[in-house]
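Reading the structure
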Number of protein chains: 2
Amino acid sequence: MSILTEADITRALAHVMDPELGRSLVELNMVRDLAVNDGAVTFTLALTVPECPLRDQLVEDARRAIEALPGVKNVAVTLGAMSEDERQAVLGGGRPTPLATNHNEVGSVIAVMSGKGGVGKSLVTGLLAAALARTGNRVGVLDADVTGPSIPKLFGIQGPLLGSPLGIEPARSRSGIKLMSVNFLLEDEGQAVIWRGPLISSAIQQFWSDVHWGRLDVLLVDLPPGMSDAALTVMQNLPINGILMVTTPQALTTMVVRKAVKMAQAVNVPILGVIENMAGFLAPDTGVRYEIFGPSHAAEVVTMASAPLLARLPIDPQVAALCDAGEIEDVVRPELAAALAAVQPAGHRPAGRS
Amino acid sequence: MSILTEADITRALAHVMDPELGRSLVELNMVRDLAVNDGAVTFTLALTVPECPLRDQLVEDARRAIEALPGVKNVAVTLGAMSEDERQAVLGGGRPTPLATNHNEVGSVIAVMSGKGGVGKSLVTGLLAAALARTGNRVGVLDADVTGPSIPKLFGIQGPLLGSPLGIEPARSRSGIKLMSVNFLLEDEGQAVIWRGPLISSAIQQFWSDVHWGRLDVLLVDLPPGMSDAALTVMQNLPINGILMVTTPQALTTMVVRKAVKMAQAVNVPILGVIENMAGFLAPDTGVRYEIFGPSHAAEVVTMASAPLLARLPIDPQVAALCDAGEIEDVVRPELAAALAAVQPAGHRPAGRS
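Owing to the predicted nature of the structure, the values given are computational and were not obtained by experimental measurement.

Calculation criteria
Each chain carries its own residue numbering, running from 1 in the written order of its sequence. The naming scheme follows written order: chains are lettered A onward, ligands numbered 1 onward. For a predicted model such as this one, the threshold for reporting local features is a pLDDT of at least 70, and the threshold for listing and counting side-chain atom pairs is 80 or more; totals across whole chains, interfaces and linings nevertheless cover every residue. Least-squares fitting of one copy onto the other uses the C-alpha atoms of those residues that reach a pLDDT of at least 70 in both copies. Placing a C-beta atom from the backbone of each residue, one calls two residues in contact when those atoms lie within 7 Å. Remark: C-beta atoms are placed from the backbone, and a residue is labelled buried if 20 or more other C-beta atoms sit within 10 Å of its own, exposed if 12 or fewer do, or partly exposed between those counts. Think of it this way: any DSSP run of H or I at least four residues long counts as a helix, any run of E at least two long counts as a strand, and we number them from the N terminus. By this definition, two strands are paired if DSSP reports at least two bridges between them. Polar here means any residue other than Ala, Val, Leu, Ile, Met, Phe, Trp, Tyr, Cys and Pro, which are nonpolar, and Asp, Glu, Lys and Arg, which are charged; Gly is therefore polar. Axis lines are fitted to C-alpha atoms, over the contacting stretch for helices. Their N-to-C directions set the angle, which ranges from 0 to 180 degrees. For every residue, the predictor states its confidence as a pLDDT score lying anywhere from 0 to 100. Under this scheme an angle from 65 to 115 degrees is roughly perpendicular, one under 35 degrees roughly parallel, and one over 145 degrees roughly antiparallel; angles in between are oblique. Whether a crossing is left-handed or right-handed is set by the direction in which the near helix is turned from the far one by less than a right angle, anticlockwise for left-handed and clockwise for right-handed. Note on definitions: a nonpolar core is a set of buried residues drawn from Ala, Val, Leu, Ile, Met, Phe, Trp, Tyr and Cys, linked by C-beta atoms within 7 Å.

Of the two same-sequence chains, chain A is brought onto chain B (RMSD 1.4 Å, axial shift 0.5 Å) by a rotation of 178°. In short, the pair behaves as if placed about a two-fold rotation axis. Both copies contact each other with a shared surface, as 96% of the interface residues of chain A are interface residues in chain B too.

Have a look at this one:
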């Protein structure tokens, strides 16, 4: 058995979160004077305020994380408090710039949004990422759906990810698209991530700032449904250049998408265009088109968003099958040409068909 | 102009939220020794901890809210701190019981959940509520999807709601189902509700405790997608008797629903059964059935949840049309008989078909 080191303890404590601040004790610089001596671990836990109501819980969580390590004989935690400056730095967001950010250079950041769930945001994100990669772009996908991530399954990729001195290395799809999703951090893709808002926000911020994206022409951000912490964090903390708004023909969807349009307008992020998914079903045997979710309401969204209708994607069972098989990169949808052009960085001419 | 009173100030401060606790200064009992003397307002703001990092923000927000009132000449805020007991009461959820709760008597509370968005949770909730009402039950629907509510549109109901001395009076559908949704509180249904987690949680708790539901046989709770604040609050703060888990044939959905099953198991709420929606499309002209979202994966969910498959609902454009027209109560789905039986209170025999 290898000897227990301070680094082992730090690694363990990097998984212990302050539930109010949504960041780890290590990241918050709460762990001081750490020493390990023949299995006896001592350190000071510097609280933001001495009367911190979470005090006992933090100590208990830290103790448990350390005691789970092999070779630990006992753990002694001294309570301390941060100086006023230190507290300001922690609470005021004066977080030191992570290393990865210094090495990332992202041309444009496009959010794929809807407000409504199950309309095909991840499908659109995946199809566009694949099309962008086919036309010679360096592409990344940040899966901001922390509790219901779809991106890994669409690309048939599982974790774990590798760390590097520059940060977390994103996964790579078959065609070289860089992917980051919470599912890469789970042992089993069916494992539940049950986090309140601050942790969701913190994860998304780290997917942006602590991941070594390197040089990208386009980063697509796949938003979850809803207009709460995840959407707010993406809009306010990531340098979003524009939004693609995904809708379906149902009036019910349109009502929720209208809310998302209002949100985008409220935070002043331009909507590049609207994509209508599930726009009817073309029976493969007879060629008959069925409006199974009713007639289109895309025009309402287009008017409200003052943005063009970029695509109407019908339901295609073959696409669903390829997505379920993790082969979204094999799907080519000519209907997405205008959407592709809208997110294509200037100067990049498509080398082939989308 | 009427004379400025303490009640005016309290009303104004009831809109000033503690952003960490997600409740107002008045609800948190932070406002003490309030006095108004010829336009001069004085009070003590009792902080949870004297060093509360949000101190300055709270004072500033309170001051602004008061200064917006006509007749206010100046505002003096003294800082104070709560006693240990008071702090425990506030942080430990020892909130005084609202009046409505004393007059509510709800037989069983059933959550309709999925984890995944757009699978038909609201459809299933609405269809079951209508079927329960048809068979003589007193039914309520609590729409816990605060940023993307669907219930009002399905039932064709808009706000505003009326208040009563007992609390907020829920809306009533044509067949007498009591409905509560954030959309009833908005001037325009397309208005965006952009709230972080604590406010979402607080709204859902109020939909339960401050609404005068009266006597109900069944209250159905329509959950939003995701497994964050809304789902946690419903599971932990409402007396949920059981969960109906909604899925669709896609493997992608199944993966996310597996997470929701894990969450239900983690918080120890029984899963009553599984409902598969969008289970193929039956062409109305030829009668051919198309598996447009691929073959069923419901068996996986059933095994994992150790709960029966209660229904498989195919896609029906007529149902979509009735839902978009706000006429979900006119939809009768015999496929839901087993689901209806599963949520039907004991002693109630269906008077007719579901």
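What follows continues from the structure just given.
Regular strands place side chains that alternate from one sheet face to the opposite one. Residue and element names in this part refer to chain B. By the criterion of burial, strand 13 (residues 242-247) is predominantly enclosed, with five of the six residues buried. By the bridge criterion, four bridges tie strand 6 (residues 105-113) to strand 13 in an arrangement that is parallel. Its bridge partner lying in strand 13, Ile110 is registered against Gly242. Two strands pair when backbone bridges link them, and strand 13 and strand 14 (residues 271-276) are joined in this way by five bridges, in the parallel orientation. Considered in strand 14, the bridge of Thr247 is made with Glu276.

Interface extent is often summarised as the accessible area lost during association of the parts. Counting residues at the interface gives 57 residues for chain A, matched by 55 residues for chain B. Of all elements in the fold, only helix 3 (84-91), helix 7 (197-209), helix 8 (229-237), helix 9 (251-266) and helix 11 (317-324) of chain A reach the threshold of two or more residues within the side of chain A that touches chain B. Considering every element that reaches the side of chain A that touches chain B, the biggest residue donor is helix 9 of chain A, with nine residues. Of the residues belonging to the side of chain A that touches chain B, the class tally is 29 nonpolar, 15 polar and 13 charged.

Looking now at the sheet that holds strand 3 (residues 31-37) of chain B. Hydrogen bonding along the main chain pairs the strands of a sheet, whether they run parallel or antiparallel. Residue and element names in this part refer to chain B. A sheet is described by the order of its strands in space; here three strands give the open sequence 3-4-5, paired in mixed fashion. Each of the sheet's edge strands pairs with one partner strand only, and the pair in question is strand 3 and strand 5 (74-81). In this sheet, adjacent strand axes meet at a mean angle of 10° when their direction is disregarded. Two strands pair when backbone bridges link them, and strand 3 and strand 4 (residues 40-47) are joined in this way by five bridges, in the antiparallel orientation. Opposite Asn37, over in strand 4, you have Ala40 as the bridge partner. Along the sheet face, helix 1 (residues 6-13) touches strand 3 and strand 4 and points at about 135° away from the line of strand 3.

Residue and element names in this part refer to chain A. Of all residues in chain A, 95% have pLDDT values of 70 or greater, and the mean over the chain is 90. Across residues 349-354, confidence stays below pLDDT 50; counting only partners more than four residues off in sequence or on other chains, it has 13 contacts. Interface confidence for the predicted complex, given as ipTM, is 0.73, next to a pTM of 0.74.

What follows deals with the environment of Val193 of chain B. Relative to the assigned elements, Val193 of chain B resides in the loop between strand 11 (178-180) and helix 7 (197-209). Considered as a pair, Val193 of chain B and Thr147 of chain B are 46 residues apart in the sequence and their alpha carbons are 5.4 Å apart. With residues up to four places along the chain from it excluded, the contact list for Val193 of chain B reads Met227 of chain A together with Val146, Thr147 and Val182 of chain B.

On to the packing of helix 9 of chain A against helix 10 (residues 298-305) of chain A, then. Residues and elements named next belong to chain A. Packing of helix 9 against helix 10 leaves a shortest axis separation of 10 Å and a crossing angle of 15°. The angle between helix 9 and helix 10 falls in the class roughly parallel. The interaxial crossing formed by helix 9 with helix 10 has right-handed handedness. In this structure, helix 9 contributes Thr254, Val257, Arg258 and Val261 to the contact, and helix 10 contributes Glu300, Val301, Met304 and Ala305. Of the residues that constitute the contact of helix 9 with helix 10, the class distribution is five nonpolar, one polar and two charged.

Core analysis: the biggest nonpolar cluster contains 182 residues, and Met245 of chain A together with Met245 of chain B have the highest contact counts within it. Sequence-distant contacts of Met245 of chain B, defined by excluding residues within four places in its chain, comprise Met113, Ser114, Val257, Ala260, Val261, Ile271, Val274, Val301 and Ala305 of chain B.

Time to look at the sheet that holds strand 4 (residues 40-47) of chain A. Residues and elements named next belong to chain A. If you walk across this open sheet you meet the three strands as 3-4-5, and the pairing is mixed. The open sheet terminates on both sides in strands that have one partner only, identified here as strand 3 (31-37) and strand 5 (74-81). Here the average twist between neighbouring strands, direction ignored, is 10°. Sheet topology note: the strand 4/strand 5 ladder contains eight bridges and is parallel. Counted as the bridge partner of Thr44 is Thr78 from strand 5. Helix 1 (residues 6-13) rests against strand 3 and strand 4 of the sheet, and its axis sits at about 135° to strand 3.

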